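# Examining the three-dimensional arrangement
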Amino acid sequence: MKALILALLATAFLSSCASRPTPQAESLPSVVKVQAATPQEGLDALTAGNRRFVQNEMRGQDYHQQIDKTKNGQKPYAVVLSCLDSRVPVEIVFDQGIGELFVARVAGNIENDDILGSMEFGTAAMGAKLIVVLGHTKCGAVKGACNNVKLGHLTGLLKKIEPAAAQAKKEIPNFNPESYEHVDHASELNVKLTVERIRKKSKIIRDLEAQGKVRLVGAMYDISSGKVEFLPDQTVNASK
Ligand SMILES: [Zn+2]
């Protein structure tokens, strides 16, 4: 039943993108190039793309050609959850084009039910092989959480980053929320805790990971160098 619902979802989404009857996710038009067949290939593609970006050797994007190739369907290979920060444009820092990545962005790159639903759609329904939670250095949202900032709806959002801020304050003696060195540590913890929460909250993603069909990884983007560092998968022993 679940598989049927996911197939219907994928078909409905593809249909919305095409003027003619559209195929199932498994039988996309041949013009849609699948960039990665496995989680490792997805990770390799992102790593290589970021290397090109850092070395200023981007492959060059022909957006009009990409629009043409994807107009009847899409097959992105990764879902990336990133921060709202204007200095982390996901497709650019991974040197990717139209139709290659699902991207969700929210200040502080935290998960919520809607983002979890988007991730489940991107993987279980659409076949993406990789989920990346991408934090970054000098993150204003994490700094705000470390400073207990209160501002309208932002207050509730920052509350979701608070466990990382609390853990960083525990780990760093004399934690200074004005020090980006300290805040960056909280940002990294926030990525790791977000990865853990995604795994804990989404049985669909957890099962796909257990089956080896999807991999969930954390990463940090350095806004000074443009480099993405993928983080080792370690559990944070956070106690609030
Ligand atoms: Zn940020």
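Further up the page is the structure itself.
In terms of burial, strand β1 (residues 78–82) is a largely internal element, five of the five residues being buried. Pairing of β1 with strand β2 (residues 101–105) involves five bridges; the strand directions are parallel. Residue Ala78 lies in a different strand from β2, and its bridge partner there is Leu101. Here β1 runs beside strand β3 (residues 130–136); their pairing, made up of five bridges, is parallel. Looking at the pairing, Ser82 lines up with Leu134 of β3.

A few words on the coordination of the zinc ion. Metal coordination angles have textbook ideals: 109.5 degrees for a tetrahedral set of four donors and 90 or 180 degrees for an octahedral set of six. All of the protein donors around the zinc ion are Cys83 (SG), His136 (NE2) and Cys139 (SG); their distances to the metal are 2.0 to 2.3 Å. Each donor residue of the zinc ion belongs to the same chain, and together they define the spacing C-x52-H-x2-C. On the basis of relative accessible area, Cys139 is assigned to the buried category, the value being 1%.

This brings us to the nonpolar core. Grouped together as the largest cluster of nonpolar side chains are 44 residues, with contacts concentrated most on Met119 and Ile161. With seven residues, the single largest contributor to this core is helix α8 (residues 180–201). Among the nonpolar cores identified, the runner-up in size contains 19 residues, and Leu46, Ala78, Ala219 and Val228 belong to it.

Along its 16 residues, helix α2 (residues 39–54) runs 23 Å from first to last C-alpha, staying within 8% of the 22 Å computed at 1.5 Å per residue. All of the buried residues in α2 are Pro39, Gly42, Leu43, Leu46, Gly49, Asn50 and Phe53. Taken around the axis of α2, the buried residues stretch over an arc of 130 degrees, which confines them to a single face. Close packing links the buried residues of α2 with β1, α4 (90–93), β2, β3, β4 (215–221) and β5 (228–230).

This part is about the sheet that holds β2. Pairing is mixed across the open sheet formed by five strands, whose spatial order is β2-β1-β3-β4-β5. What marks the edges here is a single partner per strand, and that holds for β2 and β5. Averaged over neighbouring strand pairs, the angle between their axes works out to 25 degrees when direction is ignored.

Now for the pattern of salt bridges. With the rule as written, the count across this model stands at ten salt bridges. Between Arg59 and Glu100 there is a salt bridge, and its shortest N-O distance comes to 2.6 Å. Pair noted here: Arg59 is in the loop between α2 and α3 (63–70) and Glu100 is in the loop between α4 and β2, with a separation of 41 residues, a long-range link. Under the relative-accessibility criterion, Arg59 is labelled partly exposed at 40%. Judged by its relative accessible area of 7%, Glu100 falls in the buried class.

Cut-off values and rules
- Each chain has its residues counted from 1, running along the sequence as written.
- With the structure being a predicted model, the display of local features is reserved for residues of pLDDT at least 70 and the display and counting of side-chain atom pairs for 80 or more, all residues being used for whole-chain, interface and lining totals.
- Computation of side-chain values covers all heavy atoms of the structure but excludes hydrogens and water.
- Here's how the labels work: a residue is buried when its accessible area is under 20% of the maximum for its type, exposed when over 50%, partly exposed in between, all with a 1.4 Å probe on protein chains only.
- A helix here means a DSSP run of H or I that spans at least four residues, while a strand means a run of E at least two residues long, and both kinds are numbered starting from the N terminus.
- Two strands pair if DSSP finds at least two bridges between them.
- Metal sites are built from N, O and S donor atoms within 2.8 Å, or 3.2 Å for Na, K and Ca, and they leave out water, so they may look incomplete.
- The set of buried Ala, Val, Leu, Ile, Met, Phe, Trp, Tyr and Cys residues whose side-chain atoms join them within 4.5 Å is what this entry labels a nonpolar core.
- An expected span of 1.5 Å times one less than the residue number is assigned to each helix.
- Arc, as used here, means the arc of the directions from the helix axis to the C-beta atoms.
- Here, residues are in contact when the closest pair of their heavy atoms is within 4.5 Å.
- Axes here mean lines fitted to C-alpha atoms, for a helix over just the part in contact, with angles spanning 0 to 180 degrees between N-to-C directions.
- Salt bridges are identified by distance alone: a Lys or Arg side-chain nitrogen within 4 Å of an Asp or Glu carboxyl oxygen.

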